[in-house]
Amino acid sequence: MARLRVSPPRIFPEATRAGRPPSGSAGSGDAYRQTGFVLGKEVDLVLRGLQLEGAVAAASSGAKYRTQTAAAALGPWSRGWLTRLEALHAAEWGNYVAAMPLLRAAADSEAACLAMLRDQAAEWNEWLDQGGVCLAPSVHATEYRLHAFRSAETLAGHAILGPVYRAATDLSLPHFGATLLLAGNDSSPDRVLMTFGDRDFHLGLAELVLGWLLMLGVAQCETLAEFPAVFATGERAEIEQWVAESTDVTARGDRCTIEAVDMDGEKRYLVHNWRRAAGAAQKRILL
């Protein structure tokens, strides 16, 4: 068992909206206004969830919770929390392309956090025992051995993290269909209309990003509830209320969602309720 002491963690629990893009900046002022006007309640809900997680992290900084298991899980939890916050900010500025790899990374980090907790940080402790943190005199450095850690089994079996990770990964990669969805979504069977640097508001993409952010928040709250001895979940009633609200929002049949479907033995994605603006006709996109 690792003998390194666990120091009090430094907690920065603040989660706020993105700032309004300055005039002439790279961000889209229209996307910022439209997101707040059309989807403001969902933005606030995402932020409320992040703030609740921040409160749990702050409450878990006391001596009672300073264990290697808590330290091991806190790292990927923090990484996932921050990437979700940045994905929200990207969506507020109309940069849905940047939100996709952030969502993928957030799902991956949350899966790592859950895997650490479920095996009581066994791999982390083994890494520490084998000199994961040590001095490297030959290069006059402190060494943090990289140690690749993958939680593929956790991702594969998780009802939220797995689907979000797989879909966000496919949308993050330069697949032709994914590229057209994100950078040329006014194309049709008779023309290709590609864009460059498009940060206009798109209701379908905004709903997709915000829905995944809410689902990832639900998954992380479920993880925290599963391990009350590791983290202080004193806000349990408030967290449960937030989970219920978020689940209701993401289950609405009128919002844009993406589902994996099997067509002739091939895995495909079907996007429902795809439209650029609230008043536009809804349609489906098959990837």
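Up top is the structure.
Predicted model only: the values in this text are computed from it and were never measured.

Draft legend 1. Region of interest: helix α8 (residues 203-226). Taking 1.5 Å of rise per residue, 24 residues should cover 34 Å, and α8 covers 34 Å from first to last C-alpha, within 8% of that figure. Where burial is concerned, most of α8 is hidden: 20 out of the 24 residues are buried.

Draft legend 2. Molecular detail of helix α4 (residues 122-129). Where α4 is concerned, the buried positions are N125, W127 and L128. One side of α4 carries all its buried residues, which in axial view fall inside an arc of 155 degrees. One or two residues past the end of α4 sits G131, with phi positive at roughly 85 degrees.

Draft legend 3. Region of the structure containing a nonpolar patch on the surface. A surface patch of nonpolar side chains, amounting to about 310 Å² of accessible area, comprises L4, V133 and Y144. Within the element layout of this structure, Y144 appears in strand β2 (residues 141-144). Looking at Y144, the relative accessible area reads 64%, which means it is exposed.

Draft legend 4. Geometry of the nonpolar core. Formed by 71 residues in total, the largest nonpolar core has its most connected members in M100, L103, V209, W212, L213, F231 and W242. In terms of residue count, the dominant contributor to this core is α8 (14 residues). In contact with M100, not counting residues within four places along its chain, are A168, L171, S172, L182, L205, L208, V209 and W212.

Draft legend 5. Representation of the pattern of salt bridges within the structure. Inspection of the entire model under this criterion finds 13 salt bridges. In this structure, R255 engages E42 in a salt bridge whose closest nitrogen and oxygen atoms are separated by 2.6 Å. Here the residue R255 occupies a position in the loop between α9 (236-250) and β3 (257-263), and E42 occupies one in helix α1 (residues 29-59), the gap between them amounting to 213 residues. The exposure class of E42 is buried, given its relative accessible area of 6%. Taking the shortest distance from any N to any O, the salt bridge between R150 and D108 comes out at 2.7 Å. Of the two residues, R150 is situated in the loop between β2 and α5 (152-157) and D108 in helix α3 (residues 96-118); the sequence distance between them amounts to 42 residues. Given a relative accessible area of 48%, R150 falls into the partly exposed group. When its relative accessible area of 14% is taken as the criterion, D108 is described as buried.

Draft legend 6. Molecular detail of unusual backbone geometry. If you check the backbone angles, A121 has positive phi at about 55 degrees while not being a glycine. In the Ramachandran plot, D264 falls in the positive-phi region, its phi being about 55 degrees despite a non-glycine side chain. Inspection of the secondary structure assignment puts D264 in the loop between β3 and β4 (266-274). According to the relative accessible area criterion, D264 is exposed, its value standing at 84%.

Draft legend 7. Local environment of the state of the cysteines. In the structure shown here, the tally under the stated rule is zero disulfides. The cysteine C221 is free of any disulfide, with C113 supplying the nearest cysteine sulfur at 11 Å.

Draft legend 8. Examining the sheet that holds β3 more closely. Spatial ordering of the open sheet is given by β3-β4-β5, a layout of three strands whose pairing is antiparallel. Of all the strands in the sheet, just β3 and β5 (283-286) have a single pairing partner and so form its edges. Adjacent strand axes in the sheet meet at a mean angle of 30 degrees when their direction is disregarded.

Conventions adopted
- Residues numbered from 1 in each chain as written.
- Predicted model: local features only at pLDDT ≥ 70, side-chain atom pairs only at ≥ 80, totals over all residues.
- Heavy atoms only, no water.
- Helix = DSSP H or I, 4+ residues; strand = E, 2+ residues; numbered from the N terminus.
- Expected span 1.5 Å × (residues − 1).
- Buried < 20%, exposed > 50% of the residue type's maximum accessible area, 1.4 Å probe, protein only.
- Arc of directions from axis to C-beta.
- Patch = residues over 30% accessible without salt bridge, like charges linked within 9 Å, V, L, I, M, F, W, Y side chains within 5 Å.
- Areas by Shrake-Rupley, 256 points an atom, 1.4 Å probe, with all protein chains shown as cover.
- Salt bridge = Lys/Arg side-chain N within 4 Å of Asp/Glu carboxyl O.
- Core = buried A, V, L, I, M, F, W, Y, C linked by side-chain atoms within 4.5 Å.
- Contact = heavy atoms within 4.5 Å.
- Disulfide = S-S within 2.5 Å.
- Pairing = 2+ DSSP bridges.
- Axes fitted to C-alpha atoms, helices over the stretch in contact; angles between N-to-C directions.

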